[in-house]
Amino acid sequence: MKLGCCYYPEHWPEAIWAEDARRMAAMGLRLVRIGEFAWSRIEPEGGARYEWGWLDRAIETLHAAGLQVILGTPTATPPKWLVDHMPDMVAIDEQGRPRGFGSRRHYCFSHEGYRAECRRIVTALAERYGAHPAVVMWQTDNEYGCHDTVLSFSDAAAASFRGWLAARYGTVDALNAAWGNIFWSMEYRSFAEVDPPHLTVTEANPAHWLDYRRFASDQVASFNREQVDILRRLSPGVDITHNFMGFFTEFDHHDVGRDIDVATWDSYPLGFLEQFWFSREEKAAYLRQGHPDIAAFHHDLYRGCSNGRWGVMEQQPGPVNWARYNPAPLPGMVMLWTLEAAAHGAELTSYFRWRQAPFAQEQMHAGLLRPDSTEAEAAPEVRKAAEVLAAIGPQQTAQAPVALVFSYAPAWVIGIQPQGQSFRYLELVFTWYSALRARGLDVDIVSPEADLSGYRMVVVPSLPILPEGFADKLGALTCPVLVGPRSGSKTDSFCMPEGLAPGSLRDVIPLTVTRVESLRDGISEPAEGFAVTRWREDVASDLAPEWADAEGRGVVYAHANIRYCAVWPDAKLLGLLVERMAAEADVPLTHLPEGIRIRRTRTHVFTFNYSAAPVFVPHLGLTLGPASWHLDPL
Amino acid sequence: MKLGCCYYPEHWPEAIWAEDARRMAAMGLRLVRIGEFAWSRIEPEGGARYEWGWLDRAIETLHAAGLQVILGTPTATPPKWLVDHMPDMVAIDEQGRPRGFGSRRHYCFSHEGYRAECRRIVTALAERYGAHPAVVMWQTDNEYGCHDTVLSFSDAAAASFRGWLAARYGTVDALNAAWGNIFWSMEYRSFAEVDPPHLTVTEANPAHWLDYRRFASDQVASFNREQVDILRRLSPGVDITHNFMGFFTEFDHHDVGRDIDVATWDSYPLGFLEQFWFSREEKAAYLRQGHPDIAAFHHDLYRGCSNGRWGVMEQQPGPVNWARYNPAPLPGMVMLWTLEAAAHGAELTSYFRWRQAPFAQEQMHAGLLRPDSTEAEAAPEVRKAAEVLAAIGPQQTAQAPVALVFSYAPAWVIGIQPQGQSFRYLELVFTWYSALRARGLDVDIVSPEADLSGYRMVVVPSLPILPEGFADKLGALTCPVLVGPRSGSKTDSFCMPEGLAPGSLRDVIPLTVTRVESLRDGISEPAEGFAVTRWREDVASDLAPEWADAEGRGVVYAHANIRYCAVWPDAKLLGLLVERMAAEADVPLTHLPEGIRIRRTRTHVFTFNYSAAPVFVPHLGLTLGPASWHLDPL
Amino acid sequence: MKLGCCYYPEHWPEAIWAEDARRMAAMGLRLVRIGEFAWSRIEPEGGARYEWGWLDRAIETLHAAGLQVILGTPTATPPKWLVDHMPDMVAIDEQGRPRGFGSRRHYCFSHEGYRAECRRIVTALAERYGAHPAVVMWQTDNEYGCHDTVLSFSDAAAASFRGWLAARYGTVDALNAAWGNIFWSMEYRSFAEVDPPHLTVTEANPAHWLDYRRFASDQVASFNREQVDILRRLSPGVDITHNFMGFFTEFDHHDVGRDIDVATWDSYPLGFLEQFWFSREEKAAYLRQGHPDIAAFHHDLYRGCSNGRWGVMEQQPGPVNWARYNPAPLPGMVMLWTLEAAAHGAELTSYFRWRQAPFAQEQMHAGLLRPDSTEAEAAPEVRKAAEVLAAIGPQQTAQAPVALVFSYAPAWVIGIQPQGQSFRYLELVFTWYSALRARGLDVDIVSPEADLSGYRMVVVPSLPILPEGFADKLGALTCPVLVGPRSGSKTDSFCMPEGLAPGSLRDVIPLTVTRVESLRDGISEPAEGFAVTRWREDVASDLAPEWADAEGRGVVYAHANIRYCAVWPDAKLLGLLVERMAAEADVPLTHLPEGIRIRRTRTHVFTFNYSAAPVFVPHLGLTLGPASWHLDPL
Ligand SMILES: [Zn+2]
Ligand SMILES: [Zn+2]
Ligand SMILES: [Zn+2]
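Residues numbered from 1 in each chain as written. Chains lettered and ligands numbered in written order. Predicted model: local features only at pLDDT ≥ 70, side-chain atom pairs only at ≥ 80, totals over all residues. Heavy atoms only, no water.

1. Some details on the UniProt feature "binding site: Zn(2+)" (unreviewed entry) in chain A
Residue and element names in this part refer to chain A. The sites that UniProt annotates as "binding site: Zn(2+)" (unreviewed entry) are Cys-108. Mapping Cys-108 onto the fold places it in the loop between α4 (80-85) and α5 (112-129). In contact with Cys-108, other than residues within four places in its own chain, are Met-89, Val-90, Ala-91, Ser-152, Ser-154 and Ala-157. (UniProt positions renumbered as here; feature names shortened; annotations may be inferred. Helix = DSSP H or I, 4+ residues; strand = E, 2+ residues; numbered from the N terminus. Contact = heavy atoms within 4.5 Å.)

Quick look at the structure:
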């Protein structure tokens, strides 16, 4: 795994670039990402009058120091002159307000004029640097969708949406039928009558929303593809990446991932812990470490996104600036995070950023250097990590014993129609992931389209819309398979399937979900060694339940190697399920103490202590200090 | 009491209509409500080109099965072609945004063009079906005001408001004087200068708001009256109803109720429990039953709304889709709710809906049938309820011993100027109702205009603006009367009365409210067997208080048969008051266990167990299971 | 100290003015503030057709009763005709919506047309009454900024902002460099391209925000100065005041204070307790008294605002109408608050208002009289206060032993970039103030520009942007000085200083802040007799820490007489710091029981009991009843 950093030569006096480059190399870094916000310096005035000089010199300076460059396209930050030239290129938010200039990502993915400008600037960049020996990778744009920017309610978006619908449905009658627009007299007489689902009095048709989300996701993918096509043509053989944001489901990363070579993601474990659903207790226990599964979850997810090639493009090196509260990592955490990435098979880990900027929005975001160029706390950890990585050599990953099936559409479907406000798809998948990892299992997070053969356990936490052939694919497996609540509960048009949920899964497990209920937070109904919370389904089946609640209502059903879990599983039920499936699959478990995680490559076993206290680790027979790790050959 | 259901033939293949009708009849249903969202199928293209065929056949099919039809006017869902034809017909929300097409209720009550369209479609419907033997009732529109749709800030609304003000005040000087517009230089020089109270920097004049709310309520009533006038002319002798939404005070239901024949309401006890002010403990205890007084409260309210004729147009038969959390009713609850309606004298209970729709917004809302046409959990309970109702025959109600005076204007007055954010008028009335019912009392919820003679106890929880003659009416009573805080505290123009609160009530009880204070949640000040919370008034009077707090500040004053309660009464004070008044009135009480309620008709006594556990009921000498009932002849 | 009241003759029949005036005088009042909302009565139709008659007579009536008049300019409430004449004079809120007519403060400070109208009306008023013997003081406008009205996003504001930037930076390149606009390609090519920071996708550049806040504050000051200039010219020798709102930091009160003669503020201790950051326990303990330091804090703040001359223009006399909950003051509190003002050296305390208005927005706001003209609870307390004040004579204040340095820019800087959401600048300053007062210390709250010589202790709770020369000024002091976290952490352009925080303070204490972290609510890290919460900084220094946490991380550093506190100080650390500094300064402390406060003038020592219970006060050797006071000669 190569180490790298994000660097902004345009932020610093040219006089210090060479020294920066020398220090990067000396610290053990090999990669430098540059350029992704520099449009106003590449083209200060518009009119295709480019200022390449500074960028030529920056790349040369890095190259001269032995560093390789990841070059970003600058399309996430259209300059003011461009916005003023085509003011309708900005996105319109859900309240109908144009999004203002003065930060980033203010563009609408559907604006053809802006797309043309992006093609122009990407072409110019690729023509100039496509064959430069220092440039080993391109990054398209930056964090698509960040700051709630996937959806736009602009005229451009509305027009594109209508075209998308026409292509999907052919006739407006087909659309009306698919969406059930007869309900509430919502029928359209032409595609021209259809708007985005915008400021409706009460909820819009969920089918309307789902198609709008699919459309918006497709717009991200096609926006990206336009850049990829140019780069492939003008910079053949150079890898292309995009840096995805963590815990982000607004567009389909698998779609974008198919078009690029290397899926990278931006890893901010402390910020994510603070901003997401973790409990008060977890936020306290992992204050300066992040929950032990946050980074690993994304590693295993992105490994499945782009044909197995992946990395970390932005690694938190200290406190960030954007969470409600921003603590500092424990000493050792930056190294631990780096090794965790290696243990999951990353090609690269790039720290964000080389030097903390003393100005503008992110001035409180730590870097490897402080603004005064002294080394920040992370720097020695990075130097040490580089040494360790060099010592152990490249790490290859094997297929994991467990496949965890994850997809983006379920997040949209359940977000559009939660039915119970505590049913969060991403949390459900993460909770499964955590239960597996806490028992020492390596996990591959895969899309429903993935080949599932070769796995020894398969878990589908929830999959409301079953892709064509998915049930058959599960049926063909012989390993233990678990399918969770709401699976098969919707058709492709966001309707309930004929014959009710779980739809075509009935072909592999004979049961019908006859009713669902959601339970308010705080309601906990006792069952056999666990409790039912949040969600439960009534199941009609000739099968006897494998687990039931205290009143005998079935909770888990099993048929041959297929299980169906009809509730939101609490931690105890997750444990029971993992243990039974593992026993059936003859997969050995390692019951890890709180805060301890392990991960295997083809050659090594990594053990990590995410706890803030020393922990005795039975399988090692020794005590690991807080934020520390241990490495053994496999 | 007739049973019925809500049915949408336009949602289903015509081939199954007859079988549906047969099954409805076989289940014991006699009424079917149809049509209220079908505008786009009745008139698919505009231009008064009606498609009656399908509706003719649907009505015939139901008729042929012996079912009677309640026919809804489709004005709650204007189709897209109509909105596109007159885009300014949509309401404007309080943020100034036009409300979008794509759900329902997107119209502005003040738009004359839309009103003309409504008159046209209602005329067309009434001409075609006004004399049809199957049509036994008309429903106007659907749930006026639902989804926050009473108020609109459109140009049409502003113009109508100005006319309404001119009619009310004659001259703008009179308006300025009545509102006190000299305060903050808010004086107008003409009615044309007056806008709706819209996006003001801080609160607008409460008198301005009150008149805007009155105007908006009047617009609902006049919108409804236009339909009623057409239906009376073209369908003479056929009953007219509107289905009011529960816990909804945005317009005056008494006003609308006067114009129709039968007041119906939509009863969703589990959704209402979740969405309203009930405590965490109540929400847990009554998770799958709803608070024991939710349905009964509305039954007793709507019985007083339209000359005693009322019913339930939509009865929850299972989980709904619109609350934060949506649990399923306990087995037995649907039957219990049905009998509770009968016990209060309903003419009809109609379940929403016959078959769960597998598409669009309400696909997660249960019906009597599942989407696959199998019977849902409620179906056998409905069948059983029909049998019980047939066995006991029609239930007549007698005047209750207690009148609870309720009105809509107090909800507006207190909502506009809460003074303490936990003073919620509807909760106060409900709390009184619950205290009375928990002691076995039947209650009539009546408007201040009602004839109060014949009652043995009268409770006025709060009545800030006293209608002309109301104090005299109380003074003429001889039974115990209780008047609650804030009564008589405002004039008709939302000013404080000369001589201070309680205004003209001083004629019947000699006291003056010299100061009020609101107390934050958690503040509880001890008194004689109860505590003062939320609200207290300083009272100057020669009367010695009947109850005082621990420091001797008066809380309740009595003079002859009139009592004044100067605080928000907690549960204990409510108990003390009910018990003392009942003793004075010689009305016997039945102290019911938690969760138990009783209700008498002229012929029977119904006992209901709303608890989730079995409860021993002393007055019966037996134990009732959860969600069960007991019936005795009176 | 003179007592007075706020009076609105335009609200009442002229027939009762004389009697009102007589009663005011009899109650011991000497000052009457009038006129500040009366524009629509002074100029009912526009066109400079003034109606002076009523105001002439009102002033004469007051004068005849021996009362002195504070005359307000009516610019906070432009009438409807004016708004209709220039509709773009209204402010635009941050959502882009024009602020509506119908309350107050709906104008944009930057609208030149409205400014011209204000100059006209102020000129007319000053010409008419500038030499009137009754008029002893002018009040400009009313509560600048109240209801979130400092910022406007109008075209007028944008244009003025561009001019302000051009004046500040000279060239747009200088602006780009100062703000760091290269970050995210936010560079401008001309001042014309710069907008207010409006609806950006994510946070705008903090430098952009800070300049917008500075600009907006300057607009308030220049708006005020226009009135002051007219009044000085046309009413020479008459004092000018403005009534500032409490706990309000949206514009720089020191700037406005420099232009006027007497800084007055509006004191609503119960409303402020409810609406601000106080804990649930404090809100309960001081429900009817307000926190013991709310009023005193502002007294000491405004004494430092306008060359030592200050007063209370609006004193809460009973429940108010605008907090979430509005309890009544304990008996005695109005007198206590009055004496507290005297003890801090106020020139005047004016009660808001003489008689409670029975109409419009503030009808639930108590006055000295009830709407029926009977005396409200406060009236006898005022009468008694007047007697006490007469008996003790004018109170002069001496320089306090402690200077607490407070400024407005830190509130903007930290509000723009909190980094931890519980870091509230105003709370931090208040907490220091309270810790000092609880130990019996008198405090001067002074601006960073103030002369600090003569103080025996100086506390700078936080000062992110150090004014030129400030560090030197501290360095020249010999008394104990404490500087708190984040001080010196920003340059004037909202960047991090070269050499890192605390910037130029390193000249007086040799340390560097190498990293900061914010801690979520509930996180409490143990230290030597206190705990670290909310905020902590890593400090590099050769100094040994004076206090450290349990793990040895430095918390407080001292060098000669200068201390640096690197954390948010909890109550215990505040106590340790105050006690050590006082010991070093040889300033005696008086450890006061909970709820007890003392304050010294040159001649007297006042002791106040803010507790709701009797409290034994050791330094007096006696017990003070709730809401009571004790007075001794110094
Ligand atoms: Zn080992
Ligand atoms: Zn019986
Ligand atoms: Zn004494």
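2. Thoughts on the relation of the copies chain C and chain A
The two chain copies are related to each other by a rotation about an axis together with a translation along it. Once turned by 120 degrees and shifted 0.0 Å along the axis, chain C lies on chain A with an RMSD of 0.0 Å. In symmetry terms, the pair is related by a three-fold rotation axis. Taking C-alpha positions as the reference, the residue of chain C nearest the rotation axis is Gln-95 of chain C, at 5.5 Å. (Least-squares fit on C-alpha atoms with pLDDT ≥ 70 in both.)

3. Observations regarding the domain arrangement of chain A
The figure often quoted for interface size is the accessible area lost as the parts come together. Residue and element names in this part refer to chain A. Assigned domains of chain A: these are domain 1 (2-77 + 116-150 + 225-392), domain 2 (156-207), domain 3 (402-585) and domain 4 (596-633). Spacing between the C-alpha centres of domain 1 and domain 3 amounts to 35 Å. Taken together, the contact pairs 23 residues of domain 1 with 17 residues of domain 3. Carbon and sulfur atoms supply 64% of the area that domain 1 and domain 3 bury against each other, a total of about 1,800 Å² over both sides. Contact with domain 3 buries area across many residues of domain 1, yet Thr-249, Trp-277 and Phe-297 alone supply 39% of it, more than any other trio. Counting across the interface, domain 1 meets domain 3 through three salt bridges. Ionic pairing is found between Arg-437 and Glu-340, a salt bridge with its closest N-O pair at 3.6 Å. Counting the contacts that link domain 1 with domain 3 gives nine residue pairs in polar contact (both at pLDDT 80 or more). Those elements that place two or more of their residues in the side of domain 1 that touches domain 3 are α9 (253-259) and α12 (294-303). Considering only residue class, the side of domain 1 that touches domain 3 consists of eleven nonpolar, six polar and six charged. (Domains from an automatic or database assignment. Buried area = accessible area lost by both parts, 1.4 Å probe. Salt bridge = Lys/Arg side-chain N within 4 Å of Asp/Glu carboxyl O. Polar contact = N/O pair within 3.5 Å; in protein donor to acceptor, adjacent residues only side chain to side chain. Nonpolar A, V, L, I, M, F, W, Y, C, P; charged D, E, K, R; others polar.)

4. Quick word on the coordination of the zinc ion (ligand 3)
For the zinc ion (ligand 3), the protein coordination sphere consists of His-630 of chain C (NE2) and Asp-632 of chain C (OD), at 2.0 to 2.2 Å. On the basis of relative accessibility, which here comes to 28%, the residue Asp-632 of chain C falls in the partly exposed class. (Donors = N, O, S within 2.8 Å, 3.2 Å for Na, K, Ca; no water. Buried < 20%, exposed > 50% of the residue type's maximum accessible area, 1.4 Å probe, protein only.)

5. Digging into the state of the cysteines
Residue and element names in this part refer to chain A. Evaluation of the coordinates by the stated rule reveals zero disulfides over all chains. No disulfide involves Cys-118; its sulfur sits 11 Å from that of Cys-108, the nearest cysteine. The exposure class assigned to Cys-118 is buried, which follows from its relative accessible area of 3%. (Disulfide = S-S within 2.5 Å.)

6. Some remarks on helix α5 (residues 112-129) of chain B
Counting along an α-helix, one turn takes 3.6 residues, and residues three or four places apart therefore face a common direction. Compared with the 26 Å implied by 1.5 Å per residue over 18 residues, the 25 Å span of α5 of chain B between its first and last C-alpha is a close match. Along its buried surface, α5 of chain B packs onto α2 (39-42), α3 (53-64), β3 (68-72), α4 (80-85), β4 (135-139) and α8 (206-234) of chain B. (Expected span 1.5 Å × (residues − 1).)

7. A short note on the interface of chain C and chain A
Of the residues lining the interface, 47 residues belong to chain C; the matching set on chain A comes to 56 residues. Summed over both sides, the interface of chain C with chain A buries roughly 4,600 Å², with 54% coming from carbon and sulfur. When the area that chain C buries against chain A is broken down by residue, the three leading residues are Trp-184, Val-201 and Arg-520 of chain C, summing to 19%. On the surface where chain C and chain A come into contact, there are six salt bridges. The salt bridge partner of Glu-377 of chain A is Arg-515 of chain C, with a shortest N-O separation of 3.7 Å.

8. A word on the UniProt feature "active site" (unreviewed entry) in chain A
All names here are of chain A. Per the UniProt record, "active site" (unreviewed entry) is annotated on Glu-143 and Glu-314. Over a stretch of 172 residues, the named residues converge on one spot in the fold, their C-alpha atoms separated by at most 10.5 Å. In this structure, Glu-143 sits in the loop between β4 (135-139) and α6 (155-169). Looking at Glu-143, the relative accessible area reads 4%, which means it is buried. Each residue touching Glu-143, except ones within four places of it in the same chain, is listed here: Arg-104, Arg-105, His-242, Asn-243, Met-245, Asp-266 and Glu-314. For Glu-314, a relative accessible area of 4% corresponds to the buried category. Beyond its immediate stretch of four places on either side in the chain, Glu-314 contacts Cys-6, Arg-33, Asn-142, Glu-143, Asn-243, Trp-265, Asp-266, Ser-267, Tyr-268, Ser-350 and Phe-352. Only 2.9 Å separates the side chain of Glu-314 from the side chain of Arg-33, close enough to count as a polar contact.

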